[in-house]
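Coordinate analysis (summary)
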Amino acid sequence: DIQDILETVNIKDFADKSLKENEIITQDGSNISGGEKQRVIFGRSLFKDFELLILEEPTSSLDKENSYEIINGIFK
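Read on for an overview of the structure. In this text the structure is predicted, and so the values were computed from the model without any measurement.

1. Quick look at the overall build of the chain
- Regarding its fold elements, the chain presents four helices and zero strands.
- In sequence order, the chain lays out its α and β elements as α-α-α-α.
- Its C-alpha atoms give the chain a radius of gyration of 12 Å, within 12% of the compact-globule value 11 Å for 76 residues.
- Along the first, second and third principal axes, the C-alpha atoms of the chain reach 35 × 25 × 25 Å.
- For the chain, with 76 residues in total, the buried portion stands at 30%.
- Taking the contacts inside the chain whose residues are at least 6 apart along the sequence as the reference set, 53% of them involve residues at least 24 apart.
- Roughly 6000 Å² of accessible area belongs to the chain as shown, and the carbon and sulfur atoms make up 52% of that amount.

Here it is in structure tokens:
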């Protein structure tokens, strides 16, 4: 479910705000922050529901609070 993934990667508020304001995210993501980009990419990988997902520093662009919430959301 998309809503569950948005909550897992802690980007639901960003997505809701972007939809309300009809904000267009550029293809290269140059108009969003590094942390937002990383959370969108991470969410896309969870949406595909791979059997095996290898991550190298998946939360390197995020602050500690977001990192903690995302990692805990994945393993819940």
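2. Points about the nonpolar core
- Counting nine residues, the largest nonpolar core consists of Leu6, Val9, Ile11, Phe14, Ala15, Ile32, Phe42, Leu62 and Ile70.
- Beyond its immediate chain neighbours, meaning those up to four positions away, valine 9 contacts Arg39, Phe42, Gly43, Leu46 and Ile70.

3. Side note on helix α2 (residues 12-20)
- Among all positions in α2, only Phe14, Ala15 and Ser18 are buried. Projected down its long axis, α2 shows its buried positions confined to an angular sector of 95°, all on one face. Exposed side chains of α2 directed beyond 90 degrees from the buried face belong to Asp13 and Lys20.
- Buried residues belonging to α2 abut α1 (2-8) and α3 (34-47).

Quick notes on the rules
Residues numbered from 1 in each chain as written. Predicted model: local features only at pLDDT ≥ 70, side-chain atom pairs only at ≥ 80, totals over all residues. Heavy atoms only, no water. Helix = DSSP H or I, 4+ residues; strand = E, 2+ residues; numbered from the N terminus. Rg over C-alpha atoms; globule rule 2.2 N^0.38 Å. Buried < 20%, exposed > 50% of the residue type's maximum accessible area, 1.4 Å probe, protein only. Contact = heavy atoms within 4.5 Å. Areas by Shrake-Rupley, 256 points an atom, 1.4 Å probe, with all protein chains shown as cover. Core = buried A, V, L, I, M, F, W, Y, C linked by side-chain atoms within 4.5 Å. Arc of directions from axis to C-beta.

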